[in-house]
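The lines below spell out each chain.
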Amino acid sequence: AVRMSSSQPGPAPTPSPAAPPMRSGKPSPIWELDLYTRPVTNDAGKKLWELLICDANGVMRHVEPLPSSLINSRELRKRVEKLIERAKVRPTQVRFFRAEMQSMIGVALADLPVLTVPTRRTYELRNWLEQRYRDVYPAMPGFKEQLAIDDRARKAVERVPDKMPDALRGDKWAFV
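Since the structure is predicted, the reported quantities are computational estimates derived from the model, not experimental observations.

Calculation rules
Residues numbered from 1 in each chain as written. Predicted model: local features only at pLDDT ≥ 70, side-chain atom pairs only at ≥ 80, totals over all residues. Heavy atoms only, no water. Buried < 20%, exposed > 50% of the residue type's maximum accessible area, 1.4 Å probe, protein only. Helix = DSSP H or I, 4+ residues; strand = E, 2+ residues; numbered from the N terminus. Pairing = 2+ DSSP bridges. Contact = heavy atoms within 4.5 Å. Core = buried A, V, L, I, M, F, W, Y, C linked by side-chain atoms within 4.5 Å. Phe/Tyr/Trp six-rings, centres within 6.5 Å; stacked < 30°, edge-to-face > 60°.

1. Re the pairing of strand β2 (residues 30-41)
Turning to step 1, where the next piece is worked out: Within β2, eleven of the twelve residues are buried, which leaves it mostly tucked inside the rest of the structure.
Turning to step 2, where the next piece is worked out: Summarising the sheet, β2 and strand β5 (residues 93-96) pair through three bridges and their orientation is parallel. Looking across to β5, one finds that Glu32 is bridged to Arg95.
Turning to step 3, where the next piece is worked out: In this structure, β2 lies alongside strand β3 (residues 47-55), joined through eight bridges in antiparallel fashion. The residue bridging Glu32 from the neighbouring strand is Cys54, located in β3.
Turning to step 4, where the next piece is worked out: Taken together, β2 and the strand that follows it, β3, pair antiparallel across an intervening segment of five residues, in which Gly45 is found at a positive phi of about 85°.

This is the structure we're talking about:
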């Protein structure tokens with residue numbers, strides 16, 4: 001059910017039998033993107049990088065493993081452009097949640113006719129990532145449990161805001 005691209009070297013992701021099917025319906029013009037390492041290493045001990053792109057409705061999904069030597073804005077742009085060319089609905093907005101990737105994604109998509117939006121509101125992508133951490137990555141050769149535990153994306157999803165100290169809370173408000 002997940003569209004795979006295996007044109008790049010490295011371990012190819014394989015969907016598990018428990019992977020949820022893509023939803024039917026009309027694809028959204030809002031895409032959600034993640035380009036980051038996964039808790040899987042190859043024979044040389046290098047982490048697997050994956051490009052995940054889905055639409056906000058969960059109708060379109062794209063997975064592409066990448067070697068670390070191809071992690072740059074030029075390569076990302078090429079892959080997004082190819083995906084846009086094949087898309088049934090062209091994106092008007094591309095959302096992403098990783099602050100550390102903001103510069104690369106911004107440069108890669110700068111000249112494309114899409115608005116790039118750094119936001120935590122990438123619900124479909126985060127659900128898909130959680131499903132992959134639960135069902136897909138553990139079944140892949142080279143899976144490292146500790147890398148999955150340490151992954152900041154999972155911690156970011158589980159992060160709960162700290163309670164503000166009472167001394168900082170305002171009881172009265174006034175416009176001056």
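2. Remarks on the environment of Gly142
Turning to step 1, where the next piece is worked out: Along the polypeptide, Gly142 turns up in the loop between α3 (123-136) and α4 (145-150).
Turning to step 2, where the next piece is worked out: Taking the C-alpha atoms as reference points, Gly142 and Asp43, separated by 99 residues in sequence, lie 7.6 Å from one another.
Turning to step 3, where the next piece is worked out: In contact with Gly142, not counting residues within four places along its chain, are Pro39, Val40 and Thr41.

3. Digging into the pairing of strand β4 (residues 61-66)
Strand residues, when the strand is regular, have side chains that alternate between the two faces of the sheet.
Turning to step 1, where the next piece is worked out: With six of six residues buried, β4 is to be regarded as a mostly interior element.
Turning to step 2, where the next piece is worked out: Neither face of β4 is exposed, since Arg61, Val63 and Pro65 on one face and His62, Glu64 and Leu66 on the opposite face are all buried.
Turning to step 3, where the next piece is worked out: Of the strand pairs in this sheet, β3 and β4 are connected by six bridges, and their pairing is antiparallel. Paired with Cys54 across the bridge in β4 is Arg61.
Turning to step 4, where the next piece is worked out: Between β3 and β4, which follow one another and run antiparallel, lie five residues, and Gly58 among them has a positive phi close to 80°.

4. With respect to the nonpolar core
Turning to step 1, where the next piece is worked out: Counting 23 residues, the largest nonpolar core has Leu33, Leu35, Ile53, Leu76, Val80 and Leu109 as its most contacted members.
Turning to step 2, where the next piece is worked out: Mapped onto this core, the elements with two or more residues apiece are β2, β3, α1 (73-86), β5 and α2 (102-109).

5. Structural notes on the side chain of Thr41
Turning to step 1, where the next piece is worked out: Here Thr41 lies in strand β2.
Turning to step 2, where the next piece is worked out: Not counting chain neighbours up to four residues away, the residues in contact with Thr41 comprise Lys46, Lys47, Pro141, Gly142, Lys144 and Leu147.

6. Focus: the packing of aromatic side chains
Turning to step 1, where the next piece is worked out: Tallying each qualifying case throughout the model produces two aromatic pairs.
Turning to step 2, where the next piece is worked out: Arranged with centres 6.1 Å apart and planes meeting at 65°, the rings of Tyr36 and Trp49 form a pair that is edge-to-face. One end of the pair, Tyr36, is in strand β2; the other, Trp49, is in strand β3, with 13 residues separating them in the sequence.
Turning to step 3, where the next piece is worked out: The class for Trp49 is buried, based on a relative accessible area of 17%.
Turning to step 4, where the next piece is worked out: Look at Tyr133 and Tyr137: their rings are 5.2 Å apart centre to centre, the planes differ by 75°, and that puts the pair in the edge-to-face class. Here the two residues Tyr133 and Tyr137 agree in accessibility, since each one is buried.

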